[in-house]
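Each chain, written out:
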Amino acid sequence: MKYGHFRKIDLWTLAVVIPLLVIGLNFAFFGKQYFTNGDIFLQATLLTGLLGLITWQIQTLIAVYLRKRFGGVERTTRRVIFALIFFIVLSAIIVTLIFVGYGTSHFLGFSMNITSYFGALVVAFIVNLAAVAINEASSGGEHAKNEELEAERLKRVSLQTQLHSLHQQINPHFLFN
């Protein structure tokens, strides 16, 4: 089932992957304070959630384009490589913007350190890898289902053609008898 240009799996990805990304990034940036300080939890979650939603929208549009441009099972490797490159670069840009934005504004007492930055990059990489895997598994399942439906349709057409041919063979005999 599709919703606009989104597939059902895209919406599930939004509902599951984005919250994991938001929590993972903020934990990488704030550590235990993210879970123990209500202000940090609420404000950081809302801000990175909004950025995550925007990023998801862009990544989904890229995924839709890649599915159209590199459709089919034989082009899966190329599609996965391009998706990972685009998604990781986009995520690195977003993580860097969050990191610099938090650090320069001292957002909720955040202070820049390279360990939290690289931790956030690792979280973004893992989440993107999981999202691409989920997306490709879903695409593979859809492709197999479509091939099965097409095979059934061709079988029906073949049987109808055979039936029609038999009718054509029988009709002249009745006409001449």
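Residues numbered from 1 in each chain as written. Predicted model: local features only at pLDDT ≥ 70, side-chain atom pairs only at ≥ 80, totals over all residues. Heavy atoms only, no water.

**Some words on empty space enclosed by the protein**
Right, so step 1: What the rule picks out here adds up to 2 cavities of 30 Å³ or more.
Right, so step 2: For the largest cavity, the calculated volume is near 230 Å³.
Right, so step 3: For the largest cavity, the lining is made up of 19 residues, of which T13, W56, Q59, F87 and A131 are closest to its centre.
Right, so step 4: Of all the secondary structure elements, the ones that give two or more residues to the lining of the largest cavity are α1 (8-30), α3 (38-69), α4 (76-105) and α5 (114-176).
Right, so step 5: The element that contributes the greatest number of residues to the lining of the largest cavity is α1, accounting for 6 residues.
Right, so step 6: Residues of the lining of the largest cavity, tallied by class, amount to 10 nonpolar, 7 polar and 2 charged.
Right, so step 7: Considering only enclosed or pocket space, the second largest cavity measures out at about 70 Å³ in volume.
Right, so step 8: For the second largest cavity, the full set of lining residues is L21, V22, L25, T48, G52, T55, S91, I94, V95 and I98. (1 Å grid on protein atoms, 1.4 Å probe; cavity = no way out; pocket = protein on both sides within 12 Å on 5 of 7 lines; lining within 4 Å. Points joined across faces, edges and corners; volume = space filled by probe spheres on them. Helix = DSSP H or I, 4+ residues; strand = E, 2+ residues; numbered from the N terminus. Nonpolar A, V, L, I, M, F, W, Y, C, P; charged D, E, K, R; others polar.)

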